[in-house]
Amino acid sequence: MTHVRLALEHIGKSWGRLSALTDISLQVRRGMFLSLLGPSGCGKTTLLRVIAGTLAPDGGRVVVDNVDVTRVPTYRRNMGMVFQSFALFPHLSVAANVAFPLQVRGLPRPEQSERVAEALRMVHLDTLAERFPRELSGGQQQRVGLARAIVYRPTILLLDEPLSNLDASLREEMRLEISQITRQLGITAVYVTHDQREALALSDAIAVMNHGRIVQFGTPEEIYRLPADDFVAHFVGYANAIAVRIVDGCARIEADGSVLTTPHVSLTGAATAFIHASAVVLEPAISNGPNRLPCTVSDAAFMGDHVEYLLRQEAGTQLKARAPVGTPTFARGTKVAAFLPEDKLIVVPRTGADI
Amino acid sequence: MRGAALLRGGLLLSFVLFITLPLAMVLLEAFGADWFGARLLPAHWTLRWFVWAAETVDLVSVLLNTVEIALLATVFTLAITVPGAWAIARYRLPLRSILIGAILFPRMIPEITFALGVARIFYALHLTNTAVGIALAHVILAAPFAAVVLVSSFEGLDPRLLEAGAVLGCGPLSLFRRVTLPLALPGIVAAALFSFLASYNDFVLTLMVYGSETVTLPVQTYLSLGNGYLSVAAAISTILLIPSILFLLGMLRMVNPETLLGGLKGA
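As the structure is a prediction and not an experimental result, all values here were calculated from the model.

Enquirer: I would appreciate a short explanation of the overall build of chain A in the present structure.
Expert: A tally of helices and strands in chain A yields 8 helices and 20 strands. Seen through its principal axes, chain A has C-alpha atoms that stretch 80 × 45 × 40 Å. A total of 355 residues make up chain A; the buried ones form 39% of that total. Of all intrachain contacts in chain A linking residues separated by at least 6 positions in sequence, the fraction that spans at least 24 positions is 66%.

Enquirer: Whenever I open this one, the environment of A:Q84 confuses me. Can you help?
Expert: Residues and elements named next belong to chain A. Within the secondary structure, Q84 is located in the loop between β6 (79–82) and α2 (94–104). Separated by 81 residues in the primary sequence, Q84 and N165 place their C-alpha atoms 6.4 Å from one another. When near neighbours in sequence (up to four residues on either side) are disregarded, Q84 contacts D160, E161, P162, S164 and N165.

Enquirer: Quick question: what am I supposed to make of the sheet that holds strand β18 (residues 318–324) of chain A here?
Expert: Within a beta sheet, neighbouring strands are joined by backbone hydrogen bonds and run either parallel or antiparallel to one another. All names here are of chain A. What the 5 strands build is an open sheet, ordered β15-β19-β16-β17-β18; its pairing is antiparallel. Strands with a single pairing partner mark the edges of an open sheet, and in this sheet they are β15 (281–284) and β18. Pairs of neighbouring strands in the sheet enclose a mean axial angle of 45°, with direction left out of account. One ladder, built from 7 bridges, connects strand β17 (residues 306–313) with β18; its direction is antiparallel. Pairing of L311 across the sheet is with L319, part of β18.

Enquirer: Hey, could you run me through the sheet that holds strand β1 (residues 4–15) of chain A in this one?
Expert: Residue and element names in this part refer to chain A. In space, the 4 strands of this open sheet follow the order β2-β1-β4-β5, with antiparallel pairing throughout. With one partner strand each, in any of the chains shown, β2 (18–29) and β5 (67–68) form the two edges of the open sheet. Bridge analysis of β1 against strand β4 (residues 59–64) gives 5 bridges, and the strand direction is antiparallel. Bridging from a neighbouring strand, L8 pairs with V62 of β4. Of the strands in this sheet, β1, β2 and β4 touch helix α1 (residues 44–52), which is tilted by about 120° from β1.

Enquirer: What is the right way to read unusual backbone geometry from this model?
Expert: With the exception of glycine, most residues fall at negative phi, and the peptide bonds are largely trans. Residues and elements named next belong to chain A. The backbone phi angle of H10 is positive, close to 50°, even though this residue is not glycine. Along the polypeptide, H10 turns up in strand β1. The exposure class assigned to H10 is partly exposed, which follows from the 13 C-beta atoms found within 10 Å. With a phi angle near 60°, H124 is a residue other than glycine that sits in the positive phi range. With respect to the helices and strands, the residue H124 is situated in the loop between α3 (109–122) and α4 (138–150).

Enquirer: How should I be thinking about the environment of B:D158 in this particular structure?
Expert: All names here are of chain B. Following the sequence through the fold, D158 ends up in the loop between α6 (131–155) and α7 (159–167). Given 14 C-beta atoms within a 10 Å radius, D158 is considered partly exposed. Sequence spacing of D158 and L183 is 25 residues, and the spatial spacing of their C-alpha atoms is 9.3 Å.

Enquirer: In this structure, what is going on with the nonpolar core? I would like to understand it.
Expert: Nonpolar side chains in soluble globular proteins generally cluster together in the buried interior. Counting 161 residues, the largest nonpolar core has A:V98, A:A147, A:L158, A:V190, A:A338, B:A146 and B:L150 as the members making the most contacts within it. Among the elements that make up this core, the one with the highest residue count is α6(B) (17 residues). Split by domain, the residues of this core number at least three in each of domain 1 (4–229) and domain 2 (231–349) of chain A.

Enquirer: Looking at this structure, how should I read the pairing of strand β3 (residues 33–37) of chain A?
Expert: In summary, the side chains of a regular strand alternate between the two faces of the sheet. Residue and element names in this part refer to chain A. Here β3 lies mainly inside the structure; 5 of its 5 residues are buried. Burial along β3 is two-sided: F33, S35 and L37 facing one way and L34 and L36 facing the other are all buried. Alignment of β3 against strand β8 (residues 188–193), held across 5 bridges, turns out to be parallel. Bridge pairing links L34 to V190 in β8.

Enquirer: Looking at this structure, I do not really get the environment of A:G186. What am I missing?
Expert: Residue position: A:G186 is located in the loop between α5 (168–185) and β8. With 8 C-beta atoms packed within 10 Å, A:G186 lands in the exposed category.

Enquirer: Looking at this model, I keep getting lost on helix α3 (residues 59–90) of chain B. Mind explaining?
Expert: Side chains three or four residues apart in an α-helix point the same way, a direct result of the helix having 3.6 residues per turn. In this model α3(B) runs 45 Å from its N-terminal to its C-terminal C-alpha over 32 residues, within 8% of the 46 Å that 1.5 Å per residue would give. For α3(B), the principal kink sits at B:T81 and spans about 25°; a proline, B:P83, occurs within the next four residues.

Enquirer: Help me understand the domain arrangement of chain A, please; the structure alone is not making it clear to me.
Expert: How large an interface is tends to be reported as the accessible area lost when its parts come together. Residues and elements named next belong to chain A. Split into domains, chain A comes out as domain 1 (4–229) and domain 2 (231–349). Using C-alpha coordinates to define each centre, domain 1 is positioned 38 Å away from domain 2. Listed as interface residues are 11 residues of domain 1 and, on the opposing side, 9 residues of domain 2. Those elements giving two or more residues to the side of domain 1 that touches domain 2 turn out to be β9 (205–210), β10 (213–218) and α7 (220–225). Considering only residue class, the side of domain 1 that touches domain 2 consists of 7 nonpolar, 3 polar and 1 charged.

Enquirer: Could you clarify how one ought to interpret the interface of chain A and chain B in this entry?
Expert: Counting residues at the interface gives 15 residues for chain A and 14 residues for chain B. Within the residue set of the side of chain A that touches chain B, elements represented by two or more residues are β6 and α2 of chain A. Looking at the side of chain A that touches chain B element by element, the count peaks at 3 residues for α2(A).

Enquirer: Help me understand the packing of α7(B) against helix α8 (residues 172–200) of chain B, please; the structure alone is not making it clear to me.
Expert: Residues and elements named next belong to chain B. Interaxial distance between α7 and α8 falls to 10 Å at its minimum, and their mutual angle equals 160°. Relative to α8, α7 is oriented roughly antiparallel. Two packed elements cross with a definite hand, and for α7 against α8 that hand is right-handed. Residue-level contacts link L161, L162, G165 and A166 of α7 to L175, R178, V179, T180 and L183 of α8.

Enquirer: Teacher, can you tell me more about the packing of α4(A) against α5(A) here?
Expert: What describes two packed helices is the angle between their axes and the distance between those same axes. All names here are of chain A. For the pair α4 and α5, interaxial distance at closest approach is 11 Å and the crossing angle is 15°. Of the possible angle classes, the one that applies to α4 and α5 is roughly parallel. You can see that α4 and α5 cross each other, and the crossing is right-handed. Counted together, G139, Q142, L146 and I150 of α4 and L170, M174, I178, I181 and L185 of α5 form the full contact between these two elements.

Enquirer: Help me out: how do you make sense of α6(B) in this one?
Expert: All names here are of chain B. The end-to-end C-alpha separation of α6 is 34 Å, in line with the 36 Å expected for 25 residues at 1.5 Å each. At A142, α6 shows its strongest bend, of approximately 45°, with the proline P144 following within four residues. Counting buried positions along α6 gives 22 out of 25 residues, so the element sits mostly inside the fold.

Cut-off values and rules
Residues numbered from 1 in each chain as written. Chains lettered and ligands numbered in written order. Predicted model: local features only at pLDDT ≥ 70, side-chain atom pairs only at ≥ 80, totals over all residues. Helix = DSSP H or I, 4+ residues; strand = E, 2+ residues; numbered from the N terminus. Buried ≥ 20, exposed ≤ 12 C-beta atoms within 10 Å, placed from the backbone. Contact = placed C-beta atoms within 7 Å. Pairing = 2+ DSSP bridges. Axes fitted to C-alpha atoms, helices over the stretch in contact; angles between N-to-C directions. Core = buried A, V, L, I, M, F, W, Y, C linked by C-beta atoms within 7 Å. Domains from an automatic or database assignment. Expected span 1.5 Å × (residues − 1). Bend = angle between axes of the 7 residues up to and from the residue. Nonpolar A, V, L, I, M, F, W, Y, C, P; charged D, E, K, R; others polar. Parallel < 35°, antiparallel > 145°, perpendicular 65-115°, else oblique. Left-handed = near helix turned anticlockwise from the far one by under 90°.

Shown next, in the form of C-alpha cells:
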C-alpha cells in the first residue's frame, strides 16, 4: 500500500454559529495531486489553511507522514504554499524571494544559490533573478511564487487558487507548468479551485466541497462520469437537468409524466437526470421512439467547430444542445425532437443544493 | 486662464513668505550688524554674533546635551509606540477610538499645562536636570506623532505576507526580523525622525525641568535673549536650525512623503 502523506480526520471548524467545515476526513497518498473543488464559501480555502497550520481547527486531527501535526505551528510544518495574491516580498528581489525559505532554514550559501538557480530555471525565470516583484507581470510573479514554494522541497505543496488572478490567456500555460513541475518533482499537492476544468485537468483525485462538507471524493473521471448528486453534476458542467420521479426503477419526467429510459437506478422518489449538451442529438420533429422530447429551437449560435442550440420544451423548461458542424442544422423557431441517448443519461438524487 | 495662474502663483508665494519670512528675519539678525529702525536690510554683514555666542556660551556642550536628550527621547518613544501601535493596528482592540484619542490628547492641550504636572512629578522624583528625565518628558510630545505614523504604517502591512513568511518557515522572531521589520521600516524611520525633532525643538517642557547640566539649544536661545543679546540669540537659533533642515532633507530622500502625510489621515 502506498504511503499516506496527509490524512485529515474529522476536521471541524466554525465561525461562531456558522459552520465552515464539518467532519472532513480524507487521505492523500504520496505524490498525489488532490484538488479541493467547490464554489466560493464552500470551505475549501479554510481547509487549506487548516492543513497549512495558519488556522487551527475546532476538532479533528491533521496527520502528516503518520505524525499528528494539528498543534504544530505553521513554520515547523515544512509546507509549500502558492498564494492567489502571489504574496511575494516586495522588498526582496526575485532571487532573494526564492532564497528566503532556504535562508530561514540556514542552508549554506553555495547550496542556496544552486537551488535558487535550479528553481528559477524550472519556471523559466532564470534571466529575471535580479528584478523586483513590482517589475514583473502577474504570470511572472506567480512563477516566482511557485519557485519559492518548491525550492525547499516541502512535504506538501498547497496551492490556493493560483490561477485566478491571472489573465485567461495565461491560465492554461501556467496550469500546464504547475502540472509538469509537480509531476517532475513527484510532489504531493493540494490544490484549491472553483474551476472544474482546472481540477479535472490537474488532479489525481478531486474532493468536491459544498457548505463545508466533502460531497464527493474520487478521480476526475469518476467525478465527471458519475457525479454523486445534482450539486456535483451541475458543478462539473452538466448543462441539462431534468426533474424526474422514480417509481420501481422507472423514471418519469415530472413535467409531463412521460417515461425516460435511463441506465439502471436504485433510487426511488425525486431525482434529477443530467445530460451534457454535446450528448443531446437533434432530430426532425417527426421522429419518434423513446427519450425524444418535442422542442422548439429558440436560439442557434454558430461557434466555429460546433453549433449551440437553446431549446424550449412544451412544458416550458429549457435544454441546451451542442451539435458538431456538418450535422443538419435547425433554424430558430423550428420544431425538433431532442433525443437523449439512454447511455448518456445519469440519474442522481435531488438534494436541492444551491449551485 | 492667466488670471487664475497669477492667483495661484500669488497664493503660493504668500504661503511660502508666511512660513519663511520669520526665518529670514532670524537669519538677517544672526548675520547682520547695525540693523536699526526702518532699514530693510542690515547695514553690514558679520559673523560676530556667532563668535560672541561661542565665547559666552559653551555651545558644544549645549549641542551635545540637546542631541543626547533627543536621541534618548527617540529611543524611549519608539520603545513605547512601536508595540503600542502594533497592537492598535493589528488587533481588534476594544475602545480603539478612545485609545487613539488618549494618545493624541497631549498634543491637544497647552504644553505648559502638561509641563506643570511633569515638573511637579520630576521635583518629587529628583528627575530634573537629568538627560534621562528630560527625554522622558519629551516622550509625551513625541509619542502622539510617532504613534499616528506607526499605526498607519503597520495597518498598511499585508497580513498575507506575514502568513507567507510563516508558511515558508519563519518563527515569530524570524518573521519579525525578516518580513515585518523591513516592511515597516519606512514608517519606523519616519516616527524616529519626528520623535527626534519633537525633542530637539522643544522649549516649554524643557524649561520646566532643565538645570545647569542640561541646557538645550532652545533653552539657551531663550537665556541669551534674556541677557539682552538678540543677535546672539539669533545666532544660536540659526545653529539650532541646521539639524532640522538636514533631517528634513534626509527624510525626504529616505521616506516617501506620502508615508508621513498618510499618518495624519489615520488620526
